[in-house]
Amino acid sequence: MVTAAALIVAAGRGHRVGGPLPKQYRSIAGRAVLGHSVQRFAAHPRVDRVRVVINPADRSLYDEAVQEGAGTEANRLLAPVDGGATRQESVRNGLESLAESPPDLVLIHDGARPLVSAAVIDGALDALAGHDGSLPALAVSDSLKRAAPGSAVIAGAVPREGLWRAQTPQGFRYPAILDAHRAAVGSTLTDDAAVAEQAGLSVALTPGDEDNLKITTEQDFARVERILAAQGGRDVATAAEAAFETRVGIGFDVHRFGPGDHLMLGGMAVPHTQGVISHSDGDVVLHAIVDALLGAMAAGDIGTHFPPTDEAWRNAESARFVAHALKLLAERGGHLSHVDVTVICQRPKIGPHRKAMLARLADVLGVDPTRISLKATTTERLGFTGRGEGIAAQAVATVRLPADGADDR
């Protein structure tokens, strides 16, 4: 099982905002800014543990900030660790503190971003299936101008194409980012993605959120208060989830047995006394999953996207079909939550191959194996599967899509 830790950096003093308290300990809607940030990660089902990096002089403020909602957080919230003289040093201290029981993945978040949503967290984690790092970001939409140093007069325009506004949590494979931070000692970099880039790691951009702002000015506090007030005091993570809708798709596939010595099932070869008759590799499990994904998006079926009359798909690996369906889902701003698969046949027996098949499915789908249910059944020797004439599979896919109506076609 893939484990994920959240490292929340809150060792700064927040001098730009002013006031008697560091900004992360000021109250918003009855709870400290840091308390909001901690709660969102501690309540997320894919985050196993949370550690906060603090200034040691702020320990009493930290204890007060996180004590509310401790019933939710107690099992996941680790003792805080002391930060350093710079943010980069604080992050490295936090990463080192996790080394005794290292997670597979780590999310590094600014404690002064109290409105991070579950969708942003999911996106940062999902991207780590194919990349060393992930960075939630928003495309720059405003025109950018350059002024001469010390001047308020425009000196030129800055092209905005390809420019993004970086947010947190920035996600990484834990061993890689720990090594990168160790190698970056003495350098001054803007964020953890820059540390990763310097080490040659691949960092993917993931969807950010306009509400996921970093409190920097007094006006930012007012904006957060307005967002909470507009939501009727509801928890922001819950409100963010309301911006998404859950959709379910069902897929079914069947193939007749034919000459051969193996079957492709779930992306792997399973030895058998026969093969299947099919235009592609005949993987009923992956074909059913593709139809379930497409069905959840109301995007047609596998035959629409990969016609069996097209020679381009002859003997094609079905994992390519899954990749296409997942790409369509990502382009719509959605993500896969869960897949439930049932293989229907008398033979071969799926049990001996279930563990390997589950691992392969997790790799093909880019999700943790805990998000996949894989079962097998027979038809008590009734029908074509019972007579050993073929094999079938059915799949149910649960996805999350933006609830803005853009997908309804």
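Residue numbers run consecutively from 1 along every chain, following the written order of its sequence. At least 70 in pLDDT is required for a residue's local features to be given in this predicted model, at least 80 for side-chain atom pairs to be given and counted, and no such filter applies to totals for whole chains, interfaces and linings, which use all residues. Heavy atoms from the whole structure form the basis of all side-chain values; hydrogens and water molecules are not counted.

Examining the pairing of strand S8 (residues 144–147)
If DSSP finds at least two bridges between two strands, the strands pair. Elements are defined by DSSP. Helices are runs of H or I of four residues or more, strands are runs of E of two residues or more, and each kind is numbered from the N terminus. Note that S8 and strand S9 (residues 154–158) share four bridges and pair antiparallel. Bridge pairing in S9 links Lys145 to Ala157.

Details of the side chain of Asp220
With respect to the element layout, Asp220 can be found in helix H8 (residues 218–230). The buried label goes to any residue with under 20% of its type's maximum accessible area, the exposed label to any with over 50%, and the partly exposed label to all in between, with areas taken from a 1.4 Å probe on protein chains only. Counted as positive: Lys and Arg. Counted as negative: Asp and Glu, with His and the chain ends omitted from the count. Salt bridge, as used here, is a side-chain nitrogen of Lys or Arg placed within 4 Å of a carboxyl oxygen of Asp or Glu. Among buried Asp, Glu, Lys and Arg side chains, Asp220 stands out as unpaired, with Arg223 the closest opposite charge at 5.5 Å. Whether two residues are in contact is decided by their heavy atoms: any pair within 4.5 Å suffices. Once residues lying within four places of it in the same chain are set aside, the contact partners of Asp220 are Leu213, Lys214 and Ile215.

Structural notes on helix H2 (residues 59–67)
Along an α-helix, residues three or four positions apart point the same way, because every turn accommodates 3.6 residues. Tyr62, Ala65 and Val66 are the residues of H2 that are buried. With its buried residues spanning 85 degrees around the axis, H2 presents them on a single face. Among the exposed residues of H2, those oriented more than 90 degrees off its buried face are Ser60, Glu64 and Gln67. Note that the arc is defined by the directions from the helix axis to the C-beta atoms.

Here we look at the packing of helix H4 (residues 87–97) against helix H6 (residues 174–183)
Angle between the axes and distance between the axes are the two parameters that describe a pair of packed helices. In this description, a line fitted to the C-alpha atoms serves as the axis of each element, helices being fitted only across the stretch in contact, and the angle between N-to-C directions of two axes falls anywhere from 0 to 180 degrees. Closest axis-to-axis distance for the H4/H6 pair is 10 Å, and the angle between their directions is 135 degrees. Comparing their axes, H6 and H4 come out oblique. As for how H4 packs across H6, the hand of that crossing is left-handed. Contacts between H4 and H6 involve Gln88, Val91, Arg92, Leu95 and Glu96 on the former and, on the latter, Tyr174, Ile177, Leu178, His181 and Arg182. Ten residues, namely Ala, Val, Leu, Ile, Met, Phe, Trp, Tyr, Cys and Pro, are considered nonpolar, four, namely Asp, Glu, Lys and Arg, are considered charged, and the remaining ones, Gly among them, are considered polar. Taken together, the residues of the contact of H4 with H6 break down into five nonpolar, two polar and three charged. Any angle that is under 35 degrees is reported as roughly parallel, and any over 145 degrees as roughly antiparallel; angles of 65 to 115 degrees are reported as roughly perpendicular and all others as oblique. The sense of a crossing depends on the near helix, which, turned anticlockwise from the far helix by less than a right angle, makes the crossing left-handed and, turned clockwise, makes it right-handed.

Overview of the packing of aromatic side chains
For this analysis, a ring pair means two rings from Phe, Tyr or Trp (six-membered ring only for Trp) whose centres lie within 6.5 Å, classed as stacked if their planes differ by under 30 degrees, edge-to-face if by over 60, and tilted for the remaining angles. For the structure shown, the criterion picks out three aromatic pairs. For the ring pair Trp313 and Phe321, a centre distance of 5.9 Å and an interplane angle of 80 degrees mean the geometry is edge-to-face. In this pair, the class of Trp313 matches that of Phe321, namely buried. A connected cluster of aromatic rings, assembled from ring pairs, spans Phe306, Trp313 and Phe321.

A look at the pattern of salt bridges
Within the structure shown, the criterion is met by 17 salt bridges. Across the pair Glu331 and Lys327 runs a salt bridge, and its minimum N-O distance is 2.5 Å. Remark: Lys327 and Glu331 occur in helix H12 (residues 319–331); sequence separation between them is four residues, near one turn of the helix. Accessibility assignment for this pair places Glu331 and Lys327 in one class, exposed. Salt bridges sharing partners connect three or more residues here, namely Arg87, Asp110, Arg113 and Asp192.

Comments concerning the nonpolar core
Think of a nonpolar core as a cluster: buried Ala, Val, Leu, Ile, Met, Phe, Trp, Tyr and Cys residues, connected wherever their side-chain atoms sit within 4.5 Å. Ranked by size, the top nonpolar core spans 49 residues in total, and within it Leu265, Val285, Ile289, Leu293, Leu336, Leu365 and Ile391 carry the most contacts. Within the residue set of this core, elements represented by two or more residues are strand S14 (262–265), strand S15 (268–271), helix H10 (284–296), H12, strand S17 (335–344), helix H13 (354–365), strand S18 (372–377) and strand S19 (390–402). Here this core gets ten residues from one element, more than from any other, and that element is H10. Among all residues touching Ile289, those that are not within four sequence positions of it are Val339, Val341, Leu361, Leu365 and Ala395. The next biggest cluster of nonpolar side chains, apart from the first, holds 26 residues, and it includes Val47, Val120, Ile121 and Ala124.

Things to note about the packing of H12 against H13
Packing of H12 against H13 brings their axes to within 9 Å, and their N-to-C directions diverge by 45 degrees. Judged by the inter-axis angle, H12 sits oblique to H13. The segment H12 lies against H13, with Ala319, Val322 and Leu326 engaging Arg360, Val364 and Leu365. Classifying every residue of the contact of H12 with H13 gives five nonpolar, no polar and one charged.

Things to note about the environment of Leu205
Looking at where Leu205 falls in the secondary structure, it is placed in strand S12 (residues 203–207). Residues Leu205 and Leu135, spaced 70 residues apart in sequence, show a C-alpha to C-alpha distance of 5.0 Å. Beyond its immediate sequence surroundings of up to four residues, Leu205 is in contact with Leu135, Ala137 and Trp164.

Remarks on the environment of Gly282
Following the sequence through the fold, Gly282 ends up in the loop between strand S16 (275–276) and H10. The exposure class assigned to Gly282 is buried, which follows from its relative accessible area of 3%. Through-space distance from the C-alpha of Gly282 to that of Leu358 is 18 Å; in sequence the pair is 76 residues apart. Beyond its immediate stretch of four places on either side in the chain, Gly282 contacts His255, Met264, Val276 and His287.

Remarks on the environment of Ile177
Among the structural elements, Ile177 can be located in helix H6. Overall, Ile177 belongs to the buried group, its relative accessible area being 0%. In this structure, the C-alpha to C-alpha distance between Ile177 and Ala127, residues 50 residues apart in sequence, is 15 Å. If we ignore the near neighbours within four places in the chain, the residues touching Ile177 are Leu95, Val106, Ile108, Phe172, Asp192, Ala196 and Leu201.

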